[in-house]
Amino acid sequence: MRAIRQHSFGEPWDVLQVDDIATPEPGVGQVRVRTLMSPIHNHDLWTVRGTYGFKPELPALAGTEAVGVIDALGEGVEHLTLGQRVATGGTFGVWAEYFIAQAAGLIPVDESATDEVSSQLVSMPFSALALLDWLGLKQGDWIIQNAANGAVGRLLAQLAPTRGVNVIGLVRRDAGVAELAAQGIERIVSTENEGWQDRVAELTGGATIVAGVDSVGAESSNDVLSQIGENGTLVVFGAMGATTMTLSSGSIIFKNLSVKGFWGSSVMGAMSAERRGELFGELLARVNDGTISFPTEAVYPFAEVQDAARANFVAGRKGKVMLRP
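A few points on the structure.

Here is what the cut-offs are and how they apply
Counting of residues starts from 1 at the beginning of each chain's written sequence and follows it residue by residue. Residues qualify for local features only when their pLDDT is at least 70, as the model is predicted, and side-chain atom pairs are given and counted only at 80 or more; totals for whole chains, interfaces and linings, by contrast, use all residues. Hydrogens and water are ignored here; the side-chain numbers use all heavy atoms of the structure. Runs of E in the DSSP output that reach at least two residues are strands. Runs of H or I that reach at least four are helices, and both are numbered from the N terminus. Any residue under 20% of the maximum accessible area for its type is buried, any over 50% is exposed, and the rest in between are partly exposed; the area is computed with a 1.4 Å probe on protein chains only. By the criterion applied in these results, polar contacts are pairs of N or O atoms within 3.5 Å in which, for protein atoms, one can donate a hydrogen and the other can accept it, and in which residues neighboring in sequence qualify only through two side-chain atoms. We call two residues in contact when some of their heavy atoms are within 4.5 Å. When DSSP finds at least two bridges between two strands, those strands are taken to pair. Interaxial angles span 0 to 180 degrees and are taken between N-to-C directions of axes, which are lines fitted to C-alpha atoms, for helices over the stretch in contact.

1. Brief notes about the side chain of N146
Its place among the elements puts N146 in the loop between β8 (142-145) and α5 (151-159). For N146, a relative accessible area of 2% gives the class buried. Reaching out from N146, the side chain makes a polar contact with the backbone nitrogen of S215 at a distance of 2.8 Å. Here S220 takes part through its side chain, which lies 3.0 Å from a polar atom of the side chain of N146. Among all residues touching N146, those that are not within four sequence positions of it are L170, V213, D214, S215, V216, S220, S221 and V224.

Put into structure tokens, the structure is as follows:
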């Protein structure tokens, strides 16, 4: 089969390539899935660079979320069937014509959902919902986030109101405000010009912001931190812009702020099966009622994976960059 692999760590547009490798066979409790489509996530490319929390042995496969069709069943798998359409959000190595997944971790997908939507259902949406849950927010609370036009940023803005939570989103360009408004996402503030803090205060009506979510790093981290009220929490969700953060020690000390990291894999791994099921039920309800939308920027074949990786970091991207075998 054809599979996207890397033989060294580095920029994805330099090290990712398509190799011909043996088609894998499922073991006990596993299935083989024929890949239909897979989104490119930032953490996928951070893994390629060798800067993520998980560092694979080389040569390494890539990709973690996909939708596909079950092609072979391993011993002991009885609740899934050949030809069934399924999605996964935490299976490493899905950027291949076929991949092996634990049967227990796969989610059956309704045939009416497009590949573009089905391939994005698990990883980012569940992480966004799990983050809201993990923060212990209550109805009427205010939070602020940067990277509001990123995948998780859009999802937080769409999911939080269903729990009565208010979200202020920060973007780095004025054009980003209109882009999100076109998707029905309001309360977006551009930090491109001075005085943006006044716009935040206007939107909140002076209400205290209890938590902030930083997905960028560098000075943008402090933009979020500066708007959090006393005894609030800054959550470090990602580092799209830089691997270090610039934070005001005065704000942290005098407002008694906490800074915490959020790694979805760890949080979800520690979550009870019952709670995971409840959150997935909530997520599916939001998909069915149209609360969540999944825009797609472009779809690339495996052979153009280096171009696809570059496209993932283009400013102003309006949706996910996808890969198809």
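So, next bit.
2. With respect to α5
Of all the 9 residues making up α5, 8 are buried; the element is thus mostly covered by neighbouring parts of the structure. Along α5, the residues classified as buried are V152, G153, R154, L155, L156, A157, Q158 and L159.

3. Notes on the sheet that holds strand β12 (residues 233-236)
The sheet built from 6 strands is open, its strands ordered β10-β9-β8-β11-β12-β13 with parallel pairing. Pairing within the sheet leaves two strands with one partner each, and these edge strands are β10 (188-190) and β13 (258-261). Shown here is a sheet whose adjacent strand axes are inclined to one another by a mean of 20°, direction ignored. Sheet analysis places strand β9 (residues 166-171) next to β10, joined by 3 bridges and oriented parallel. What sits directly across from G169, in β10, is I188. Sheet strands in contact with helix α4 (residues 123-135) are β8, β11 (209-214), β12 and β13, and its direction is about 150° off that of β12.

4. Overview of the pairing of strand β1 (residues 2-6)
Counting buried positions along β1 gives 4 out of 5 residues, so the element sits mostly inside the fold. Relative to strand β2 (residues 16-20), β1 is paired through 5 bridges, and the arrangement is antiparallel. Among the inter-strand pairings, I4 is bridged to a residue of β2, identified as V18.

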